Amino acid sequence: MAVDPDFLEHLRDLFADLGPLRVGRMFSGAALYVEEDVMIAMISASGTIYMKSDETTDAAFRAAGSEPFTYSRKTGPRVVPSLMSLPESALDDPEEALHWAQLSLGPARAAALAKRAAKVRRAARRKG
């Protein structure tokens, strides 16, 4: 993982009220998980934190100045609106960070549920 271990420790402290966090690999950065498989955030190799989002949270993130995760592909830039940057002011404010993390829980849980359902469908097709 290209993410600084000290920065990951800071994030563990910042989001401690969510419960135990698991760190996993994602692209060239890391992902933060709660409740075993619920990914609430992605940390890019540059250190930007992107919180899980959907159409119910997008306006709040954008109003706070957040931007979607974007990366380059051969065919041009790819924008991922389901990952919105954590507002800068939340990096040093555990209360604000917790607010954004709690806002991200709904979309994160929904994405995890959809992923579990897809996994079950794939397994059923293999057996069938």
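Just above, that's the structure.
Being a predicted model, the structure only gives us computed values, none of them experimental.

Peer 1: Got a minute to help me understand the environment of Ser89 in this structure?
Peer 2: Along the chain, the position of Ser89 falls in the loop between strand E6 (76–85) and helix H3 (94–127). Residues Ser89 and Val79, 10 residues apart in the sequence, show an inter-C-alpha distance of 23 Å.

Peer 1: What exactly am I supposed to notice about the packing of aromatic side chains here?
Peer 2: How two aromatic rings sit relative to each other is set out by the distance from centre to centre and by the angle between their planes. Scanning the entire structure with this criterion turns up 3 aromatic pairs. Relative to Phe69, the ring of Tyr50 has its centre 5.1 Å away and its plane inclined at 70°; by these criteria the two rings are edge-to-face. Of the two residues, Tyr50 is situated in strand E4 (residues 49–52) and Phe69 in strand E5 (residues 68–73); the sequence distance between them amounts to 19 residues. Assigned by exposure class, Tyr50 and Phe69 land together as buried. Through pairs of rings, three or more aromatic residues link up here, namely Tyr50, Phe69 and Tyr71. The ring of Tyr33 has Arg22 lying over it, and the distance from NZ or CZ to the ring centre is 4.1 Å.

Cut-offs and rules
- Residues numbered from 1 in each chain as written.
- Predicted model: local features only at pLDDT ≥ 70, side-chain atom pairs only at ≥ 80, totals over all residues.
- Heavy atoms only, no water.
- Helix = DSSP H or I, 4+ residues; strand = E, 2+ residues; numbered from the N terminus.
- Phe/Tyr/Trp six-rings, centres within 6.5 Å; stacked < 30°, edge-to-face > 60°.
- Buried < 20%, exposed > 50% of the residue type's maximum accessible area, 1.4 Å probe, protein only.
- Lys NZ or Arg CZ within 6 Å of the ring centre and 35° of its normal.

Nothing here speaks to function; it is all geometry.
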